[in-house]
Amino acid sequence: MNLVWKLMRRHISLGQLAGFFVANLCGMVIVLLGIQFYQDVSPVFTEGDSFMKKDYIVVTKKVSTLGSFVGKSTTFSEADIDDLRDQPFTKAVGEFTPSAFKVSAGVGMEQLGLNLSTAMFFESVPDEYVDVNLKDWHFEPGQTEVPIIIPRNYLNLYNFGFAKSRGLPQISEGVINMVDLEVRISGGGRQDNYQGKIAGFSNRLNTILVPQSFMAWANVHYGQGGVRKEPSRLIVEVSNPADDRIAQFFRERGYETEDDKLDAGKTTWFLKVVVGIVMGVGLLISVLSFYILMLSIYLLLQKNSTKLENLLLIGYAPARVALPYQVLTIGLNTLVLVLSVGMVLWVRTIYLDVVEKMFPTLEGGSSMWLMLVAGVLLTIAVSALNVWAVRRKVLYIWKRKG
Amino acid sequence: MNTITLQKTLPEVFVGKDHIDSDIWHKDVEFEKGHFYLIEAASGTGKSSLCSYLYGYRDDYQGIIGFDGNNIRNLSVNDWVNIRKRSLSMLFQDLRLFTELSAMENVLLKNSLTGFKKKKDIKDLFFELGIGDKMNVPVGKMSFGQQQRVALIRALCQPFDFLFLDEPISHLDDVNARNMARILTEEAMKQGAGVIATSIGKPLELDYTKKLLL
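Residues numbered from 1 in each chain as written. Chains lettered and ligands numbered in written order. Predicted model: local features only at pLDDT ≥ 70, side-chain atom pairs only at ≥ 80, totals over all residues.

1. So, the interface of chain B and chain A
Listed as interface residues are 19 residues of chain B and, on the opposing side, 15 residues of chain A. Mapped by element, the contributors of at least two residues to the side of chain B that touches chain A are α2 (77–86) and α3 (103–114) of chain B. (Contact = placed C-beta atoms within 7 Å. Helix = DSSP H or I, 4+ residues; strand = E, 2+ residues; numbered from the N terminus.)

Next comes the structure, spelled out in structure tokens:
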């Protein structure tokens, strides 16, 4: 092997190999960084709503001054819902069930001398729209604990408005999960106390959610007359929140959406597009660098073709003659992979710092498997092509038969 | 491999020629293991073509060439690799040595593939052929006559049933030519192999069974 290598390494152009190396490294780093960056940053846009499906929109009817006077309904009728369900962009429609009873809730922290209480309301959506562990998101009659999802804004209101101005301690999400809300429910001549357990926070949903099972039971238990109320909000799962037809449809019907949801959908969509473009460029560079390597190896084989031919004639098998070049390319590709992963990890620490500063609530560091798997697959694919091309070229020299 | 047969073999470039006066082209010829053959030829009669057909690196001929009765056109790449390692050895007219490697390295390149000879035996051959002092000289710096001897040593570093010698002594003096003939004969006898030598003038002096005119 050593003698064969001594022969074959002649005419290896370090310049060309370095060119390939740098180009392939760039391509690979861009592709892998694109994947990892998307993995790391996309939670920023879906932050806090992990319990909600991503591509959904909450729809309400417009409340206008005139409408209020003439008593125009702001609830959705069966016909409205069916109409929405029939739209091509709709995957599913869920109803918000409003509560038919009175709710007030309070936080009592006696050791702090703090007692807050407020009148409020509950709503619920079908369980399939809520992705909290179903064990936590469950209610059975007789249970005194009610899981609740509240808007993150409420916490911010307290932390940055109320607590600051009153000199009260700020509360983190972790702590508030341990705090019990005292929930007082009255209606239908009954009044009971429950313990509210905060099961999650939402950035995107401006309501206080309780499980559907609780709502169904409580509406009957505390409700007046059991009349079914029409929902005033709908939750619509769409295939693509950036679809133009959605905005158009809502405009025509005079429906309103809570815009940031569409925006978040759009943002993630744009993030996908941008990352896609960047990765496309990376892949293109990778392909071009692969081309450089192939040209370089072909040139090398061409320059050494007499020697290759002679080796074949004195009894060397094509596979054996091709081996040094195959090992060379596999070695280079592997080195590129290792360096790329190293560089991605390094760059990642830099941008993760920034991301974590900007979004401290973000759980830092998502999985790197996808990036690693993609890198390995890319390396294997490129190496396999290299090996095949070298083998083909050597066989070509064999078949030319002098 | 015991026999090499040529049935009506003719290089494609000769097709259409009115008259071919040859003991080989367009005839039925058989070479047998254990016998020595001399093919005498004028230049341009297809001597090197014959060698390249028999050694499997060209196939621009008509007719059939068979090893032990099997048409060699049906041999796979692997078959040829094995044949070149174990059954056929060739001393090329243009030698096909690697000029940047030393004489010894050239021989070892082959011997490491076959593991046929001990390094000491190889060294002995270098001395017997009068190039014992050139073992570590790059082949590119040797004369053609010296290179011919290196190529011969390389050709002997494998088991073979037939040894092709394409103008083996074109650049050798009589003493070296006789040396070569002696070593060749010894090696061929030891292996019970056949030898097919070509010549356009001064032939290698062997105990030929048959002389053919190409």
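Structure shown, so let's carry the discussion forward.
2. Things to note about the sheet that holds strand β5 (residues 70–71) of chain B
All names here are of chain B. Sheet architecture is open: four strands sit in the order β2-β1-β4-β5, paired in antiparallel fashion. Two strands lie at the open edges of the sheet, namely β2 (28–32) and β5, each paired on one side alone. Inspection of the sheet shows strand β1 (residues 3–11) paired to strand β4 (residues 61–67) by six bridges, in the antiparallel sense. Counterpart to Leu-6 in the pairing with β4 is Ile-65. (Pairing = 2+ DSSP bridges.)

3. With respect to the environment of Val125(A)
Residues and elements named next belong to chain A. Along the chain, Val-125 falls in the loop between β6 (123–124) and β7 (145–151). As for Val-125 and Met-215, which are separated by 90 residues in sequence, their C-alpha atoms are 9.3 Å apart. Ignoring anything within four residues of it in the chain, the contact list for Val-125 reads Gly-94, Phe-96, Val-130, Leu-209, Gln-212 and Ile-235.

4. Some details on unusual backbone geometry
For His11(A), which is not glycine, the phi dihedral falls at a positive 75°. Its place among the elements puts His11(A) in the loop between α1 (2–8) and α2 (14–46). Its identity is not glycine, yet Leu95(B) carries a phi of approximately 65°, on the positive side. Since 21 C-beta atoms lie within 10 Å of it, Leu95(B) is described here as buried. (Buried ≥ 20, exposed ≤ 12 C-beta atoms within 10 Å, placed from the backbone.)

5. Let's talk about the sheet that holds strand β9 (residues 210–213) of chain B
Residues and elements named next belong to chain B. Read from one edge of the open sheet, five strands run β6-β7-β8-β3-β9, paired in parallel fashion. Each having just a single partner strand, β6 (88–91) and β9 make up the two edges of the open sheet. Direction aside, neighbouring strands of the sheet carry axes that sit 15° apart on average. Of the pairings in the sheet, the one linking strand β7 (residues 162–166) to strand β8 (residues 194–199) comprises five bridges and is parallel in character. Bridge assignment links Leu-163 to a residue of β8, and that residue is Val-195. (Axes fitted to C-alpha atoms, helices over the stretch in contact; angles between N-to-C directions.)

6. Quick notes on the packing of helix α10 (residues 305–313) of chain A against helix α12 (residues 369–400) of chain A
Helix-helix packing is described using two parameters, namely the angle between the two axes and the distance between the axes. All names here are of chain A. Two elements in contact, α10 and α12, have axes whose closest approach is 10 Å; the angle formed by their N-to-C orientations is 70°. With respect to α12, the axis of α10 lies roughly perpendicular. Along its contact with α10, which presents Ser-305, Leu-308, Glu-309 and Leu-312, the element α12 presents Val-394, Ile-397 and Trp-398. Tallied by class, residues from the contact of α10 with α12 come to five nonpolar, one polar and one charged. (Parallel < 35°, antiparallel > 145°, perpendicular 65-115°, else oblique. Nonpolar A, V, L, I, M, F, W, Y, C, P; charged D, E, K, R; others polar.)

7. As for the confidence of the model for chain A
Fine structural detail should not be taken from predicted coordinates in areas where pLDDT scores are low. Per-residue confidence for chain A averages 81 on the pLDDT scale, and 85% of its residues sit at or above 70. Within chain A, α10(A) carries the highest mean pLDDT (91), whereas helix α3 (residues 65–70) of chain A carries the lowest (66). (pLDDT = per-residue confidence, 0-100.)

8. What about the pairing of β4(B)?
Consecutive side chains along a regular strand alternate between the two faces of the sheet. Of the pairings in the sheet, the one linking β4(B) to β5(B) comprises two bridges and is antiparallel in character. By the bridge assignment for β5(B), Gly66(B) is matched with Asn71(B).

9. As for the nonpolar core
One finds Ile153(B), Phe162(B), Leu163(B), Phe164(B) and Val195(B) to be the most contacted residues of the largest nonpolar core, which totals 105 residues. Here this core takes eleven residues from α2(A), the largest share from any one element. Residue contacts for Phe162(B): discarding those within four places in its chain leaves Met1(B), Ile4(B), Phe31(B), Lys33(B), Leu88(B), Ala193(B), Gly194(B) and Ile196(B). Judged by nonpolar contacts, the second largest core, of 39 residues, contains Val58(A), Val125(A), Phe139(A) and Ala199(A). (Core = buried A, V, L, I, M, F, W, Y, C linked by C-beta atoms within 7 Å.)

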